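Now for the letters of each chain:
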Amino acid sequence: MKESLLFFYNFVRHPKSTGAVFPSSRRLAEKMVDGAGLETAASVVELGPGTGAFTGAIAERLEDPGSYLGIELREKFAAIVKDKFPHLLVVNDSAEKIVENLREIDREKADAIISGLPWATFDSQLQKRIMKSVTAALAPGGKFSTFT
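First, a word on scope: everything that follows refers to the structure included in this document. (Residues numbered from 1 in each chain as written. Predicted model: local features only at pLDDT ≥ 70, side-chain atom pairs only at ≥ 80, totals over all residues. Heavy atoms only, no water.)

## Some points on the overall build of the chain
Each helix and strand in the chain was counted, giving seven helices and five strands. The helix and strand sequence of the chain, counted from the amino end, reads α-α-α-β-α-β-α-β-α-β-α-β. For the chain, buried positions account for 44% of its 148 residues. Restricting to contacts in the chain with at least 6 residues of sequence separation, those with at least 24 account for 67%. (Helix = DSSP H or I, 4+ residues; strand = E, 2+ residues; numbered from the N terminus. Buried < 20%, exposed > 50% of the residue type's maximum accessible area, 1.4 Å probe, protein only. Contact = heavy atoms within 4.5 Å.)

Pasting the structure below:
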């Protein structure tokens, strides 16, 4: 309940970057990660983990927790995910900086990128910058999963 209230508060304060009133459901999380090849991925990036709705479903499928990188813009959300999943790496940064954050952990490309970002609330220029970052970071044959 506490996380839902924080999510709601962030939505009220930052509706364009939070994008939803409450966190995504477990059912949506399962749909998002099914077929993404996480079990065999050497590098998985989650964009906008929020309070960790997709992160749990991702973590369950990872063979190596060290293959995960979460990139969360909101500092409080990043802290929540770090507390819930201390074995996963979460950074407080913009989704526009996937490549830079992968380099920080000595990775060139991501085999899978899972996005919980509120695309519809972003202006077209921000959408283009983030998609450019996604395409630059995604390995050949890699998978990108998102929803709107």
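There is more to say after this.
## What to know about helix α7 (residues 124-137)
In this model, α7 (14 residues) spans 20 Å end to end at C-alpha, consistent with the 20 Å of a helix rising 1.5 Å per residue. For α7, every residue scored as buried is listed here: Leu-126, Ile-130, Ser-133, Val-134 and Ala-137. Seen from one end, α7 has its buried residues packed into an arc of 100 degrees, which puts them on one side. Seen from the buried face of α7, the exposed residues on the opposite side, beyond 90 degrees, are Lys-128, Lys-132 and Thr-135. Elements that come into contact with the buried residues of α7 comprise β1 (44-47), α6 (98-104), β4 (110-115) and β5 (138-145). Where α7 starts, the residue carrying a side-chain oxygen 2.9 Å from the main-chain nitrogen of Gln-125 turns out to be Asp-123. (Expected span 1.5 Å × (residues − 1). Arc of directions from axis to C-beta. Polar contact = N/O pair within 3.5 Å; in protein donor to acceptor, adjacent residues only side chain to side chain.)

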